Amino acid sequence: MNARFRKEIRELLPAFVITVLLVGLPFFFGESLAEVLPFLALALGAAALGGISFGAEFQRRTFPMLLSQPVSRVVLWREKMLVLGVCLALVSAWATVLNGWIFRSKGADGAALFLIPLCAFSGAPLLTLLARNGIAGGVFAIALPGLLIAGAVALAPHGWFVGNTAETLVVVILLLYCCAAYWLGNRVFKTAQAIDGGSGELELPAGLERVFAQVRWRRSGGPVGPLAALLKKELRLQWMVFLIAGVFVVVALAGALLWRVRPESREWAEWIIGADFMIYVSILPLLVGAVAFAEERGWGTSDWHLTLPPSAFKQWTAKLVTVLPVSLLLGVILPGALFFAGYGLIGERTTKMPEVEAYQGWLIFLSQLLVMSVAAHAGSFSSGTLKAMLVALGVLLAGVGVAMLVFAVTPVLVGQGVVFIQDPVHPSWRFAIRGLLLLLGLLLWFSFHNFRRCDAGLNNLAVQWGTVLGVLALLVALFRLRYFV
């Protein structure tokens, strides 16, 4: 095995292990979770693996060195794609075996377990090379097949996408897309130019640039104060979040238009809209938290930032002041507004629009912030954004497993409790909110501790995650003892 193969394996091995765990764990939590979560984990993990393969070269600015090696680009492409293909094939086989073992004759759609990794294998490298960013390549690799299916359903003759014929046509379309994407990716890599520093960064919108340009701080003595400069820098880090929000809106609009144009194909429109919302709501808080910390660690500038005049606490506070509004606006308000707007436009007129109680809104908001804080903590010791997101997903699944285990083994000692969702005035929902706030505070404190030290050892990480999971287990046990029937 040559050094290039070893480098590719080292690069993909952590993400591969996390993806295997993410795909496998839901199957052991019960059939209710195994019907949806493995497919979501497979899509996110496969896209992350495809984005890391070339995205790591752009993030670390080693892409020019890769192209300057005295080795044919055909050999470099073949080696990278071979390692990536083996990883995705093993993940797909693992998911297929578990799916057949758990569901047996019932089964889920086995074609998806093959097509999802194949689309990531073919599309993610091409889109990463075009965007010069691993996150963008992974996200577009998820969104583009959905847009292709929506366009095919809308433009196909009447009656094509109905019944069993529709599934065959979708498989053919995705196979053609994979072949074309792989060929184009090979061509793009062969003709790629080594542009130093070209990682695909975008500027802030002109309106935000003007707002920050007008900020003045009397104590700074300069045109822009240090806190304003930190906030501007943090917003620049979040440009990918705004881009993904735009992709989410485009896919949702495509599904809504398909619903209107082709009433006989509304099942496909529902599938596209549902997958779009599920993937977006899942990855956005992870991306917001991971980018805020892991991106700078991947660039190797986190140590240098701590030498700046603003203290570590001020820099960490600037990150929180940025990620909290972004997470609220794009992770809660935007999908909520699109959901209710779409429900009013294309929903059934005979059904009443769902209402959200105040305590349910608080639980949704705090849960989203909790996911963001898990990603922020994972980013405080990860060397890349995609790796931090996968680590955060693994921790979240571990938390779900611990909560389910504690809930199952804890005896019911009090028989007068009710589930808080069934009774808005019951004190159990206040207990749940306080528990989420406690976990949120612990994760943010640990992320600040890691940010200040720049290098969190394995012992410190074990203590931190053990503390968080222990507090979670204690909260679940108390809730079970006090409030659950």
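This structure is a prediction, so every number in the text was calculated from the model and none was measured.

A. View of the overall build of the protein chain. Within the protein chain one finds 18 helices and zero strands. Put simply, the protein chain has 485 residues, and 48% of those count as buried. Surface accessibility of the protein chain: about 23200 Å² in total, with carbon and sulfur atoms responsible for 69%.

B. Geometry of the nonpolar core. Membership of the largest hydrophobic core comes to 112 residues, with the highest contact counts inside it found for Leu49, Phe63, Ile135, Phe189, Ile244 and Leu287. The element best represented in this core is helix 12 (residues 266-299), accounting for 14 residues. Among residues more than four places away in sequence, those in contact with isoleucine 135 are Met240, Ile244, Leu287, Val291, Glu295, Thr385 and Leu386. Grouped together as the second largest cluster of nonpolar side chains are 23 residues, Leu115, Leu174, Cys178 and Val247 included.

C. Local environment of the confidence of the model for the protein chain. For the protein chain, the mean per-residue pLDDT works out to 78, and 79% of the residues sit at or above 70. By mean pLDDT, helix 9 (residues 206-213) is the weakest element of the protein chain at 51, and helix 6 (residues 110-131) is the strongest at 88. In this model residues 104-108 is a low-confidence stretch, pLDDT under 50, and it forms six contacts with partners more than four residues away in sequence or in other chains. Across residues 215-223, where pLDDT falls below 50, the model places nine contacts with residues more than four positions away in sequence or in other chains.

D. Looking closely at the packing of aromatic side chains. According to the stated counting rule, one finds 15 aromatic pairs in the structure shown. Relative to tyrosine 182, the ring of tryptophan 77 lies with its centre 5.6 Å away and its plane at 65°, an arrangement referred to as edge-to-face. Taken together, the residues span a long stretch of sequence, with tryptophan 77 in helix 5 (residues 73-103) and tyrosine 182 in helix 8 (residues 164-190) at a distance of 105 residues. Owing to a relative accessible area of 31%, tyrosine 182 belongs among the partly exposed residues under this scheme. Aromatic side chains phenylalanine 431 and phenylalanine 479 sit 6.3 Å apart centroid to centroid with 25° between the ring planes, which places their arrangement in the stacked category.

E. Representation of empty space enclosed by the protein in the model. Scanning the entire structure with this criterion turns up three cavities of 30 Å³ or more. As for the largest cavity, its lining consists of 13 residues, and the residues nearest its centre are Leu44, Ala48, Ile283, Leu386 and Met389. Those elements that place two or more of their residues in the lining of the largest cavity are helix 3 (37-59), helix 7 (134-155), helix 12 and helix 16 (385-409). Split by residue class, the lining of the largest cavity holds twelve nonpolar, one polar and no charged.

F. Layout of the side chain of asparagine 133. Among the secondary structure elements, asparagine 133 is positioned in the loop between helix 6 and helix 7. A distance of 3.2 Å separates a polar atom in the side chain of asparagine 133 from the backbone nitrogen of alanine 136.

G. Representation of the packing of helix 1 (residues 3-24) against helix 16 in the model. Where helix 1 meets helix 16, the axes come as close as 9 Å, and the angle between the chain directions of the two elements is 25°. In terms of axis orientation, helix 1 runs roughly parallel to helix 16. In terms of crossing hand, the pair formed by helix 1 and helix 16 is left-handed. Across from Glu11, Ala15, Ile18, Thr19 and Leu22 in helix 1, the residues of helix 16 making contact are Lys387, Leu390, Val391, Leu393, Gly394 and Leu397. Taken together, the residues of the contact of helix 1 with helix 16 sort by class into seven nonpolar, two polar and two charged.

H. Quick peek at the environment of isoleucine 244. Tracing the backbone shows isoleucine 244 in helix 11 (residues 239-261). Look at isoleucine 244 and you get buried, because its relative accessible area is 5%. The sequence separation of isoleucine 244 and leucine 330 amounts to 86 residues, and the corresponding C-alpha distance is 9.7 Å. Once residues lying within four places of it in the same chain are set aside, the contact partners of isoleucine 244 are Ile135, Val139, Tyr280, Ile283 and Leu287.

I. Expanded view of the packing of helix 10 (residues 226-237) against helix 11. It is the contact of helix 10 with helix 11, at a shortest axis distance of 4 Å, that shows an interaxial angle of 45°. Classified by the angle their axes make, helix 10 and helix 11 are oblique. Only Trp239, Met240 and Phe242 of helix 11 make contact with helix 10, whose side of the interface consists of Leu235, Arg236 and Leu237. Residue classes in the contact of helix 10 with helix 11 are distributed as five nonpolar, no polar and one charged.

J. Region of the structure containing the pattern of salt bridges. Using the criterion set out here, one finds seven salt bridges in the structure. Note that arginine 4 and glutamate 79 form a salt bridge whose closest N and O atoms lie 2.7 Å from each other. A residue pair is termed long-range when its members are at least 10 positions apart, and arginine 4 in helix 1 and glutamate 79 in helix 5 qualify at 75 residues. The class of glutamate 79 is buried, set by a relative accessible area of 8%. A salt bridge links glutamate 11 to lysine 387; the shortest N-O distance between them is 3.3 Å. In this pair, glutamate 11 is assigned in helix 1 and lysine 387 in helix 16, connecting sequence segments 376 residues apart. For glutamate 11, a relative accessible area of 12% corresponds to the buried category. Look at lysine 387 and you get buried, because its relative accessible area is 16%. Among the charged side chains, a salt-bridge network with shared partners connects Lys7, Glu8, Glu57 and Lys80.

K. Up close: unusual backbone geometry. Residues other than glycine seldom take positive phi values, yet arginine 132 does so here, at roughly 55°. As for its position among the elements, arginine 132 is in the loop between helix 6 and helix 7. Classification of arginine 132 as buried rests on a relative accessible area of 18%.

L. Structural detail: a nonpolar patch on the surface. Nonpolar side chains collect at one region of the surface, where Ile9, Leu13, Val17 and Leu21 lie side by side and expose about 320 Å² of accessible area between them. Take valine 17: it is sitting in helix 1. Judged by relative accessible area, which is 39%, valine 17 ranks as partly exposed.

M. Structural detail: helix 1. For helix 1, which comprises 22 residues, the first-to-last C-alpha distance of 31 Å matches the rise-based estimate of 32 Å (1.5 Å per residue) to within 8%. Taking the largest bend as the criterion, helix 1 deviates by roughly 40°, centred on leucine 12, and proline proline 14 comes between one and four positions later. Restricting attention to buried positions, one finds in helix 1 the residues Glu8, Glu11, Leu12, Ala15, Phe16, Ile18, Thr19, Val20, Leu22, Val23 and Gly24.

Rules of the game
Residues numbered from 1 in each chain as written. Predicted model: local features only at pLDDT ≥ 70, side-chain atom pairs only at ≥ 80, totals over all residues. Heavy atoms only, no water. Helix = DSSP H or I, 4+ residues; strand = E, 2+ residues; numbered from the N terminus. Buried < 20%, exposed > 50% of the residue type's maximum accessible area, 1.4 Å probe, protein only. Areas by Shrake-Rupley, 256 points an atom, 1.4 Å probe, with all protein chains shown as cover. Core = buried A, V, L, I, M, F, W, Y, C linked by side-chain atoms within 4.5 Å. Contact = heavy atoms within 4.5 Å. pLDDT = per-residue confidence, 0-100. Phe/Tyr/Trp six-rings, centres within 6.5 Å; stacked < 30°, edge-to-face > 60°. 1 Å grid on protein atoms, 1.4 Å probe; cavity = no way out; pocket = protein on both sides within 12 Å on 5 of 7 lines; lining within 4 Å. Points joined across faces, edges and corners; volume = space filled by probe spheres on them. Nonpolar A, V, L, I, M, F, W, Y, C, P; charged D, E, K, R; others polar. Polar contact = N/O pair within 3.5 Å; in protein donor to acceptor, adjacent residues only side chain to side chain. Axes fitted to C-alpha atoms, helices over the stretch in contact; angles between N-to-C directions. Parallel < 35°, antiparallel > 145°, perpendicular 65-115°, else oblique. Left-handed = near helix turned anticlockwise from the far one by under 90°. Salt bridge = Lys/Arg side-chain N within 4 Å of Asp/Glu carboxyl O. Patch = residues over 30% accessible without salt bridge, like charges linked within 9 Å, V, L, I, M, F, W, Y side chains within 5 Å. Expected span 1.5 Å × (residues − 1). Bend = angle between axes of the 7 residues up to and from the residue.

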